[in-house]
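Secondary and tertiary structure notes
Here is what each chain is made of, one letter per residue.
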Protein chains: 4
Amino acid sequence: MAAALMLRVSVIWLHRQRRVWAESVAVVSSRAMASKTAVGFIGLGNMGTPMAQNLVKHGYPVIAHDVFPEACKEFQELGTQVTDSPADVAEKADRIITMLPSNPNVIDVYTGSNGILKKVKKGSLLIDSSTIDPAVSKELAKEAEKMGAVFMDAPVSGGVGAARAGNLTFMVGGVEQEFDAAKELLTCMGSNVVYCGEVGTGQAAKICNNMLLAISMIGTAETMNLGIRLGLDPKLLAKILNMSSGRCWSSDTYNPVPGVMEGVPSGNNYQGGFGTTLMAKDLGLAQISATNTKTPVPLGSLAHQIYRIMCAKGYAQKDFSSVFQFLREEENL
Amino acid sequence: MAAALMLRVSVIWLHRQRRVWAESVAVVSSRAMASKTAVGFIGLGNMGTPMAQNLVKHGYPVIAHDVFPEACKEFQELGTQVTDSPADVAEKADRIITMLPSNPNVIDVYTGSNGILKKVKKGSLLIDSSTIDPAVSKELAKEAEKMGAVFMDAPVSGGVGAARAGNLTFMVGGVEQEFDAAKELLTCMGSNVVYCGEVGTGQAAKICNNMLLAISMIGTAETMNLGIRLGLDPKLLAKILNMSSGRCWSSDTYNPVPGVMEGVPSGNNYQGGFGTTLMAKDLGLAQISATNTKTPVPLGSLAHQIYRIMCAKGYAQKDFSSVFQFLREEENL
Amino acid sequence: MAAALMLRVSVIWLHRQRRVWAESVAVVSSRAMASKTAVGFIGLGNMGTPMAQNLVKHGYPVIAHDVFPEACKEFQELGTQVTDSPADVAEKADRIITMLPSNPNVIDVYTGSNGILKKVKKGSLLIDSSTIDPAVSKELAKEAEKMGAVFMDAPVSGGVGAARAGNLTFMVGGVEQEFDAAKELLTCMGSNVVYCGEVGTGQAAKICNNMLLAISMIGTAETMNLGIRLGLDPKLLAKILNMSSGRCWSSDTYNPVPGVMEGVPSGNNYQGGFGTTLMAKDLGLAQISATNTKTPVPLGSLAHQIYRIMCAKGYAQKDFSSVFQFLREEENL
Amino acid sequence: MAAALMLRVSVIWLHRQRRVWAESVAVVSSRAMASKTAVGFIGLGNMGTPMAQNLVKHGYPVIAHDVFPEACKEFQELGTQVTDSPADVAEKADRIITMLPSNPNVIDVYTGSNGILKKVKKGSLLIDSSTIDPAVSKELAKEAEKMGAVFMDAPVSGGVGAARAGNLTFMVGGVEQEFDAAKELLTCMGSNVVYCGEVGTGQAAKICNNMLLAISMIGTAETMNLGIRLGLDPKLLAKILNMSSGRCWSSDTYNPVPGVMEGVPSGNNYQGGFGTTLMAKDLGLAQISATNTKTPVPLGSLAHQIYRIMCAKGYAQKDFSSVFQFLREEENL
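Note that the structure is a prediction, hence the values are computed from the model and not measured.

Parameters and conventions
- Residues numbered from 1 in each chain as written.
- Chains lettered and ligands numbered in written order.
- Predicted model: local features only at pLDDT ≥ 70, side-chain atom pairs only at ≥ 80, totals over all residues.
- Heavy atoms only, no water.
- Helix = DSSP H or I, 4+ residues; strand = E, 2+ residues; numbered from the N terminus.
- Buried < 20%, exposed > 50% of the residue type's maximum accessible area, 1.4 Å probe, protein only.
- Contact = heavy atoms within 4.5 Å.
- Areas by Shrake-Rupley, 256 points an atom, 1.4 Å probe, with all protein chains shown as cover.
- pLDDT = per-residue confidence, 0-100.
- Least-squares fit on C-alpha atoms with pLDDT ≥ 70 in both.
- Buried area = accessible area lost by both parts, 1.4 Å probe.
- Salt bridge = Lys/Arg side-chain N within 4 Å of Asp/Glu carboxyl O.
- Polar contact = N/O pair within 3.5 Å; in protein donor to acceptor, adjacent residues only side chain to side chain.
- Phe/Tyr/Trp six-rings, centres within 6.5 Å; stacked < 30°, edge-to-face > 60°.
- Lys NZ or Arg CZ within 6 Å of the ring centre and 35° of its normal.
- Axes fitted to C-alpha atoms, helices over the stretch in contact; angles between N-to-C directions.
- Parallel < 35°, antiparallel > 145°, perpendicular 65-115°, else oblique.
- Left-handed = near helix turned anticlockwise from the far one by under 90°.
- Nonpolar A, V, L, I, M, F, W, Y, C, P; charged D, E, K, R; others polar.
- Disulfide = S-S within 2.5 Å.
- Pairing = 2+ DSSP bridges.
- Arc of directions from axis to C-beta.
- Core = buried A, V, L, I, M, F, W, Y, C linked by side-chain atoms within 4.5 Å.
- UniProt positions renumbered as here; feature names shortened; annotations may be inferred.

1. Re the overall build of chain A
For chain A, the helix and strand inventory stands at 16 helices and 9 strands. Across the 333 residues of chain A, 62% fall into the buried class. Partitioning the contacts of chain A with sequence separation of at least 6, the portion at a separation of at least 24 is 64%. In the form shown here, chain A has an accessible surface area of approximately 12,300 Å², with 55% of it arising from carbon and sulfur atoms.

The following block contains the structure:
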């Protein structure tokens, strides 16, 4: 296994070297000189921690940072190097992965007074796996380019379980020539690494998918609830939808009605899964992107509002399929 | 083939007889005594005509009626008996299928001064394949019951092509003991006959599916449009959605973006398929059912409004996937 | 006062007689022969009771009916005649006012087996003050016409307080020649009687006003909430809106934010006023009318959904301005 | 008149001086030493040009700049000084007013490489009358503070006509001590200058008002259209609404239905007034502010989508009351 891995890495390394030579591009020279050089990782939250651990498992020395010192302890005990600031990470590693909650954190980690860009080395590869506004990704890519570094956006789909199992999906945007270099690292953490196009398109793909997911989930919840009130058995209705044109992932794989399917959050009081508050955040990003590009998204916009209202009604931490429960409640006069 | 059919019919007949004896129910005795007795068919439009023709092909003498005499000509030339009114049909046939545009037509054909119920025979089986308000179906079932007849709702999914090919899907609501009798006739016209529950649930299943279909189609159109404006290639975006949680029938089987798939209306200037005006009608039924049952359907309701607006903007006769085109148009200042 | 009233009534009577002679219309002859003949009143709920009492105060003998016998007791004690059924009322009075909760009640009271139309006298004037679907009003008018009677719709605006004080507003639809006859009675219960046009337009005016009211109330609530979260003082924001183009009745007369105005439900924990459940009902009627006339009402439709959701979240009995509270709740993670 | 004006200016000057002395605040010392010192003005578009002209009329020497040299010609001919960049303006004037189309323009004019903040003098007063995201205003205020300058937001209501007539309304956010200094200049261009609170609240008030305006305008259009289709005369319906709880500025002052009122855009094919594209922009700002503050604005959000769609359907340049026309179009099958 280790041998096979070594081989694969070598092939990637050779492939990479050849490309670099062929293109006579000096930009990314240093960081690829040796495989298994240190990789920086900033953001050790629920997702970041298992992701960084998977890098360690694949033999990469990791130089880590998080604003909360406690978050770093576990890593230090593993012998991982922990630094005081994003700038320090940038000084010590020329490949850095960031996994942060939202726009302001990402902007601060990159452009703040102790940010990555303050000490980034020429030719560094910066991969942001946070889910943020694609317009911010584009801005950061411009700033990175000024410093001679390459910025790519690579948000993930899949939750904490997939992060632990190392089978996340990465949607990657950025300069195509750098995709292989990014993929080398991302495949340590995910089973599926998709190149989406220029910088920002990874984010675009992520928020597009989640917007459609939110719409079809709410749609499924409304439909199942209406059907039940009209006298249909929920299992039968799901079966009919799933063999018809109403079929969607939310109806056939993640049905929001308790009792229709097993092994999904609706069968477990909507615990686990993908939280309503996270869905509301992604819909906010979709909304902002749509506003900026003057794109009409009437249903996406209403889905955003519904998840926003739910967050204030006690559903923030429940799985987003709990919209069925939210809509289901009946009037008690 | 004919022998096999005879056998199947006999088996059905035997099965039916046994059930009738066992339950000592006299209600539906006469009409099932002999197979291949006349079947009434009211409503010879784009859908009704090929449906009735399929009954003829299966050996059933058809007694037809339509308010427009021209609609009946084709049938008369085939030797089919045409009558002047629904009441006349009811006098001559104890199994009647109706296929009409909307609530008022159905109400009139059943309860009007020359309606079916004026002359319906005791024990008759009345099957309505129109798509109407399930509350109307329930009312008609009550009225039929007063006359000693059985009313079932059996709306279809599948368009004119499926009607011709005899592979419609029927969603059937009504007394369960009568389902086999209904199925005997419906299998001549459809490949899939699903029992949904008490009267009205066939309609409920139909409008539920179409509501979810409308929501996910508009959602897909919004999402594809947003992705394209954010720099994603439409084929790539469709591929990403279809392997992710945004996947739905509208994205993977009937994609609304021209060029993404072949053999769908979006590839043919949105001609053919399921017209926007028909979708708007079904969403109106869903809306009325939701209002009557006090069920919140925020996305279904907004989908209804969007298709309603589209009808007035030149999209009435285009396939309902043309919502992509509707949302796609850009501002020209 | 009594003399003045007598005079006014006489003038009305004379005016009425002259009109009847001039037009040689026999339809409404009997009931107008003498003023102060009995008036029927069906529906003695929160609104109907004070309305009927105002008729009594104005000297009209009232013949009352309600499905709940207890509702009639108070009247019987006042010496008012109470009958067993709407049909009985119709036998004893040729002017009848109905004030009922919703479509099915009205349909039953008029067309049921003991309904008004079973024993209505030729030339009777039937005034329905319930708030119902205008299409139902039109149907009832047709049925009444078959019996030689006149049906008018006259829904009210103003709540229980206005009903007691006798200053309701009536919006009246029906044959214009009958408006004066209706007005004679309605002015006993309301200070404002507006003729709206053909039958059904009274209902139309009522549900149109309430739809716009619901939209601007929710809009005001959203706006005030957004402004507060952006740092504005609510009183100042209300002042700015009220001198600007955002001004509406909901912002300047019935502001939904506690503390901005006095003497409105928002200052009293949203008690009293116009209940959310009643608003949801009226929006349902608006939605059905819009669906039937193929009229796009995107905001009206969404307002309906919001009030529907609120009904199931504990707001059913609160004043409809409590939508501010509903939207205001903040996320607690 | 001139004397009276001089007096008023002197009083303001005295008042201002006294305040400055009393508070011992040195920040704004230099610019207030003499009244009628030069005022910078950046952004000479349809609104900015007449605004700057009104400053000139009031005796203020204006130092102007616009990215388009042609826009400055008219001013140069009047003897006004025109400079090459915002930085140059800041070098020559310590009171500057900016009037620009949108966020990026404002950010660039203040923080760009030739921006105001590059050469702003300590104690300068910077007033931005553009309509932008209040979060951007807050950021700029922080940046200005770092340079020892004061930034206030002061967006306007009222269009080109009001700009010419000098009776705009200014909604002002920023440090309260500076309000009088801002008011001195703003009263030259507007008849109403309202202090809203800390920096950003001027923008907040503006976008709140316009969001409610958009909602009630679309609501009025839907309602009038529904009423007309239900048989009501539009003038009568408007009259009923305006004496009832549906009343709003859009129904009683700016009715969107042609023929109901005179002197409004609906009577002139929706020419003039406030363009749909501008309303869509303001709703986008409201949407972004709501997203950032996690405030649910379901109707505001849908109003945004409707105006966005209208922009792509030929309504971009029409007055925003043309939403009536947009919704009114009927289906032609």
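2. With respect to the confidence of the model for chain A
For chain A, the mean per-residue pLDDT works out to 89, and 89% of the residues sit at or above 70. This stretch, residues 1-34 of chain A, has a pLDDT under 50; its non-local contacts, to residues over four places away or in other chains, come to 38 contacts.

3. Considerations on the environment of A:Ala141
Residues and elements named next belong to chain A. Positionally, alanine 141 belongs in helix α8 (residues 134-146). Under the relative-accessibility criterion, alanine 141 is labelled buried at 13%. Residues alanine 141 and leucine 126, spaced 15 residues apart in sequence, show a C-alpha to C-alpha distance of 9.0 Å. Excluding residues that lie within four positions of it along the chain, alanine 141 makes contacts with Phe151 and Val199.

4. Quick notes on the relation of the copies chain B and chain A
Taken together, a rotation about one axis and a shift along it account for how the two chain copies relate. By a simple turn and slide, chain B fits onto chain A: the slide is 0.0 Å along the axis, the RMSD is 0.1 Å, and the turn is 180°. Taken together, the rotation and translation relating the two chain copies correspond to the operation of a two-fold axis. Considering only C-alpha atoms, the residue of chain B closest to the rotation axis is B:Cys248, which sits at 2.0 Å.

5. Side note on the interface of chain B and chain A
Contact with chain B, which involves 58 residues of that partner, is made by 58 residues of chain A. For the pair chain B and chain A, the summed buried surface comes to about 5,100 Å²; carbon and sulfur atoms form 69% of the total. Among the residues chain B hides against chain A, the three largest losses belong to B:Leu212, B:Leu230 and B:Leu299. Together they make up 13% of the total. Inspection of the region where chain B meets chain A yields 2 salt bridges. Applying the counting rule to chain B against chain A returns 16 residue pairs in polar contact (both at pLDDT 80 or more).

6. A short note on the packing of aromatic side chains
Enumeration over the complete set of coordinates arrives at 28 aromatic pairs over all chains. Judged by centre distance (5.1 Å) and plane angle (55°), the ring pair of D:Phe179 and D:Tyr195 falls under tilted. Linking D:Phe179 in helix α9 (residues 179-186) with D:Tyr195 in strand β9 (residues 190-197), this pair joins segments that are 16 residues apart in sequence. A network of ring pairs unites the aromatic residues A:Trp249, A:Tyr254, A:Phe274, A:Tyr307 and A:Phe320 as a single cluster. When the ring centre of A:Phe326 is taken as origin, the NZ or CZ atom of C:Lys313, which lies over that ring, is 4.4 Å away.

7. Topic: the relation of the copies chain C and chain D
In screw terms, the move from chain C to chain D is a rotation of 180° and a rise of 0.0 Å along the axis, fitting with an RMSD of 0.0 Å. Most of the interface of chain C is mirrored in chain D, where 100% of its interface residues again form contacts.

8. Brief notes about the interface of chain C and chain D
Across the boundary between the two partners, chain C contributes 58 residues, which contact 58 residues of chain D. Summed over the three residues of chain C that lose the most area to chain D, namely C:Leu212, C:Leu230 and C:Leu299, the buried surface amounts to 13% of that side. Along the contact surface separating chain C from chain D lie 2 salt bridges. Across the chain C-chain D interface, the total number found is 17 residue pairs in polar contact (both at pLDDT 80 or more). Counting residues per element, the ones that place at least two in the side of chain C that touches chain D are β9 (190-197), α11 (201-229), α12 (234-242), α13 (249-252), α14 (276-292) and α15 (298-315) of chain C. At 20 residues, the largest contribution of residues to the side of chain C that touches chain D is made by α11(C).

9. As for the pattern of salt bridges
A complete count under the given rule lists 24 salt bridges over all chains for this structure. Note that B:Lys142 and B:Glu139 form a salt bridge whose closest N and O atoms lie 3.5 Å from each other. Of this pair, B:Lys142 and B:Glu139 both sit in helix α8 (residues 134-146), 3 residues apart, roughly one helical turn. B:Lys142 sits in the partly exposed class, given a relative accessible area of 49%. Taking the shortest distance from any N to any O, the salt bridge between C:Arg95 and C:Glu184 comes out at 3.2 Å. One end of the pair, C:Arg95, is in strand β4 (residues 95-98); the other, C:Glu184, is in helix α10 (residues 179-186), and 89 residues separate them in sequence. As far as the burial class goes, C:Arg95 and C:Glu184 line up, both buried.

10. Here's the deal with the packing of helix α14 (residues 276-292) of chain A against helix α13 (residues 276-292) of chain D
Axes are the key here: two packed helices are described by the angle between their axes and the distance separating the axes. Following both chains from N to C, one finds α14(A) and α13(D) inclined at 160°, their axes separated by 10 Å at the closest point. With respect to their mutual orientation, α14(A) and α13(D) come out roughly antiparallel. As α14(A) packs across α13(D), the resulting crossing turns out to be left-handed. Residues A:Gly284, A:Gln287, A:Ile288, A:Thr291 and A:Asn292 of α14(A) lie in contact with α13(D), whose contacting residues are D:Gly284, D:Gln287, D:Ile288, D:Thr291 and D:Asn292. The class makeup of the residues in the contact of α14(A) with α13(D) is 2 nonpolar, 8 polar and no charged.

11. Description of the state of the cysteines
Per the stated rule, a full pass over the model turns up 0 disulfides over all chains. A disulfide-free cysteine, B:Cys248 has its sulfur positioned 6.4 Å from the sulfur of A:Cys248, the nearest such atom. In this structure B:Cys248 comes out as buried when scored by relative accessible area, which is 0%.

12. With respect to unusual backbone geometry
A positive phi angle is found at A:Asn269, which is not glycine, with a value near 55°. On the basis of relative accessibility, which here comes to 47%, the residue A:Asn269 falls in the partly exposed class. Not every positive phi belongs to a glycine, and D:Tyr270 is a case in point at roughly 60°. Note that D:Tyr270 resides in the loop between α12 (249-252) and α13.

13. Concerning the pairing of strand β5 (residues 125-128) of chain C
Looking along a regular strand, one sees side chains alternate from face to face of the sheet. Residue and element names in this part refer to chain C. Neither face of β5 is open: one carries Leu125 and Ile127, the other Leu126 and Asp128, and all of them are buried. In this sheet, β5 lies alongside β4 in parallel orientation, the contact comprising 4 bridges. From the neighbouring strand, arginine 95 faces β5, where its bridge partner is leucine 125. The sheet contact formed by β5 and strand β6 (residues 150-153) spans 4 bridges and is parallel. For aspartate 128, the partnering residue across the bridge sits in β6 and is aspartate 153.

14. A short note on the environment of C:Met99
Residue and element names in this part refer to chain C. One can find methionine 99 in the loop between β4 and α6 (103-111). Since its relative accessible area comes to 14%, methionine 99 is described here as buried. For methionine 99 and aspartate 66, which are 33 residues apart along the polypeptide, the C-alpha to C-alpha distance reads 10.0 Å. Setting aside anything within four residues of it in sequence, one finds methionine 99 in contact with Phe41, Ile42, Gly43, Met47, Gly48, Met51, Ser129, Ser130 and Val156.

15. Considerations on the environment of C:Leu237
Relative to the helices and strands, C:Leu237 resides in helix α12. Along the primary structure C:Leu237 and C:Gly227 are separated by 10 residues, whereas in three dimensions their C-alpha atoms are 7.1 Å apart. Apart from the residues within four sequence positions on either side, C:Leu237 is in contact with C:Thr223, C:Met224, C:Gly227, C:Leu232 and D:Cys208.

16. Digging into helix α5 (residues 103-111) of chain D
Residues and elements named next belong to chain D. Those residues of α5 not exposed but buried are Asn103, Val106, Val109 and Tyr110. Buried residues of α5, seen end-on, are gathered within an arc of 140° and therefore sit on one face of the element. With respect to the buried face of α5, the exposed residues turned more than 90 degrees away are Pro104 and Asp108.

17. Side note on the nonpolar core
Judged by nonpolar contacts, the single largest core of 212 residues is most densely connected at A:Tyr307, B:Tyr307, C:Tyr307 and D:Tyr307. If we skip the residues at most four places from it in the chain, A:Tyr307 touches A:Ala214, A:Met217, A:Ile218, A:Thr276, A:Met279, A:Ala280, A:Leu283, A:Phe320 and A:Val323.

18. What to know about the UniProt feature "active site" (unreviewed entry) in chain A
Mapped onto this numbering, the UniProt entry gives "active site" (unreviewed entry) at A:Lys206. Position of A:Lys206 among the secondary structure elements: in helix α11 (residues 201-229).

19. Focus on the side chain of C:His65
Residues and elements named next belong to chain C. With respect to the helices and strands, histidine 65 occurs in strand β2 (residues 62-65). Here the side chain of histidine 65 touches threonine 83 through a polar contact of 3.0 Å, landing on its backbone oxygen. Sequence-distant contacts of histidine 65, that is, excluding residues within four places in its chain, are made with Phe41, Ile42, Gly43, Leu44, Cys72, Thr83, Asp84, Ser85, Pro86 and Val89.

20. Considering the packing of α11(C) against α12(C)
Residue and element names in this part refer to chain C. With their axes 10 Å apart at the nearest point, α11 and α12 run at an angle of 130° to one another. Of the possible angle classes, the one that applies to α11 and α12 is oblique. Once α11 is placed against α12, the crossing between them reads as right-handed. On α12, the residues touching Thr223, Met224, Gly227 and Ile228 of α11 are Pro234, Leu237, Ala238 and Leu241. The class makeup of the residues in the contact of α11 with α12 is 6 nonpolar, 2 polar and no charged.

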